[in-house]
Amino acid sequence: MKLIGIARAHTNIALIKYWGKRNKELFLPMNSSLSLTLDAFYTDTKVTFDDALTEDSFLLNGEAQAVEETNKIAKFLDLFRQQMPEYYYAKVESLNFVPTAAGLASSASAFAALAGACNLASGLNLPIDELSTYARRGSGSSTRSLFGGFVEWDMGSDSDASSSRAHFIDDASWDIGMVIIVVNNQKKTVSSRLGMEQTVATSPFYPAWVETAKTDLAQMKQAIQAKDFKTLGEITETNGMKMHATMLGANPPICYFEPESILAQQQVRQLRELGIPAYMTMDAGPNVKVLCRASDMPRIKGELSKVFDESRLITSLPGEGVISLSE
Ligand SMILES: O=C(O)C[C@@](O)(CF)CCOP(=O)(O)OP(=O)(O)O
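Predicted model, so just to flag it, every value in this text is computed and none were measured.

(A) Quick peek at the packing of aromatic side chains. Scanning the model with the defined rule gives eight aromatic pairs in all. Here the aromatic rings of F80 and Y134 are separated by 4.8 Å at their centres, their planes lie at 35 degrees, and the arrangement is tilted. Taken together, the positions of F80 in helix α1 (residues 67–81) and Y134 in helix α3 (residues 128–135) put the pair 54 residues apart, joining distant regions of the chain. Between Y87 and Y89, the ring centres sit 5.4 Å apart and the planes meet at 80 degrees, which makes this aromatic pair edge-to-face.

(B) Molecular detail of the packing of α1 against α3. Where α1 meets α3, the closest approach of the two axes is 10 Å, and the angle between their N-to-C directions is 145 degrees. In contact with F76, L79 and F80 of α1, α3 contributes L131, Y134 and A135. Residues that form the contact of α1 with α3 fall into these classes: six nonpolar, no polar and no charged.

(C) Examining the pairing of strand β5 (residues 57–60) more closely. Alternating residues of β5 divide into F58 and L60, all buried, and S57 and L59, none buried. Of the pairings in the sheet, the one linking β5 to strand β7 (residues 89–97) comprises four bridges and is parallel in character. By the bridge assignment for β7, L60 is matched with S94. Here β5 runs beside strand β6 (residues 63–64); their pairing, made up of two bridges, is antiparallel. Across the sheet, L60 pairs through a bridge with E63, a residue of β6. Linking two consecutive strands that pair antiparallel, namely β5 and β6, is a turn of two residues; a positive phi of about 50 degrees is found at N61 within it.

(D) Molecular detail of the site of the ligand. Y18, K21, S139, G140 and S141 are the nearest of the 17 residues found near the ligand. Here S139 contributes a side-chain N or O atom positioned 2.7 Å from an oxygen atom of the ligand. The side chain of R144 places a nitrogen or oxygen atom 2.8 Å from an oxygen atom of the ligand. Look at the ligand: alone it shows 470 Å² of surface, and the protein chains cover 95% of it. Considering every element that reaches the shell around the ligand, the biggest residue donor is helix α4 (residues 192–202), with three residues. Of the residues in the shell around the ligand, the class split is seven nonpolar, five polar and five charged.

(E) Fine view of helix α6 (residues 229–248). Compared with the 28 Å implied by 1.5 Å per residue over 20 residues, the 29 Å span of α6 between its first and last C-alpha is a close match. If you check which residues of α6 are buried, you get F229, L232, G233, I235, T236, E237, N239, G240, M243, H244, T246 and M247.

(F) Molecular detail of the nonpolar core. The biggest cluster of nonpolar side chains holds 32 residues, and the ones touching the most others in it are V47, F49, L77, F80 and L114. Here this core gets eight residues from one element, more than from any other, and that element is helix α2 (residues 106–121). Among residues more than four places away in sequence, those in contact with F80 are A115, C118, N119, S122, L124, L131 and Y134. Of all hydrophobic cores here, the second largest spans 24 residues; its members include L36, I176, M220 and L232.

Here is what the cut-offs are and how they apply
Residues numbered from 1 in each chain as written. Predicted model: local features only at pLDDT ≥ 70, side-chain atom pairs only at ≥ 80, totals over all residues. Heavy atoms only, no water. Phe/Tyr/Trp six-rings, centres within 6.5 Å; stacked < 30°, edge-to-face > 60°. Helix = DSSP H or I, 4+ residues; strand = E, 2+ residues; numbered from the N terminus. Axes fitted to C-alpha atoms, helices over the stretch in contact; angles between N-to-C directions. Contact = heavy atoms within 4.5 Å. Nonpolar A, V, L, I, M, F, W, Y, C, P; charged D, E, K, R; others polar. Buried < 20%, exposed > 50% of the residue type's maximum accessible area, 1.4 Å probe, protein only. Pairing = 2+ DSSP bridges. Near = heavy atom within 4 Å. Polar contact = N/O pair within 3.5 Å; in protein donor to acceptor, adjacent residues only side chain to side chain. Areas by Shrake-Rupley, 256 points an atom, 1.4 Å probe, with all protein chains shown as cover. Expected span 1.5 Å × (residues − 1). Core = buried A, V, L, I, M, F, W, Y, C linked by side-chain atoms within 4.5 Å.

Right, dumping it as structure tokens:
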């Protein structure tokens, strides 16, 4: 007996960052976050629960993954298996259309697609916001990839972990785009999981980050409501830099900036001097994401290609939430 589910989920880039857990086991964050789902990067995942299998297996881009990775997936599958009448081992096959682990939030689309595929294969067919509480247990940022456009991941309450879930904010269909400057697409040095753990534990700036992130989020939601792109961009840029400031104060300090990250930041400021509304944000990697008007992307690429090779400039429109695919 085989139970099959196939899903696609797109990655997302946080505009109000998730950086720190209040509960590691349940992936409960210290603050709520807000992101933009991107159309350009996604993961397709097929899950086959099969009573003929005697162990779980995980193929990523056609390559069998090491035991550690497979065990992580197996633990995630158990979230669904414990709700199924029979226990089945599973074969998981993922195709990542995202440079893996390069600060391009590949874990976000991966666990969102896996949650989507499990939701179908298991027959649970949970509503998407409830499904996001499962994705959250794979990787916090994947919670937000269950929906498209602008998405909020509500931090939830300590008394009810399932209240920590994502919900749709806005479809971002008002001339919104993002240009990604790929400074370095190699595996990053410090994982976001370790980076945030170290920051929470040792950075004196961390408490201030949590407080200001709350006000940033409230103001950003008002800006989205009012389609006030300038305020949306300014909060995006300051919130991301405040997150990196907390890391610089960690012990030992964590710095994801490479020299060309700084160069990219300067180029974004130059775009604004040219009168182009463009705002940058960075995650747990050296790459720089430029939040901009979709209609300005060609001009922005033209300006940035004076400094960065075109092959390192990726444009993206807003993406949709998790969808089911057929064989
Ligand atoms: O995406 C954001 O809000 C900001 C970050 O990308 C970093 F800048 C955090 C991503 O953390 P994630 O990989 O989800 O951690 P996990 O829950 O330990 O798996």
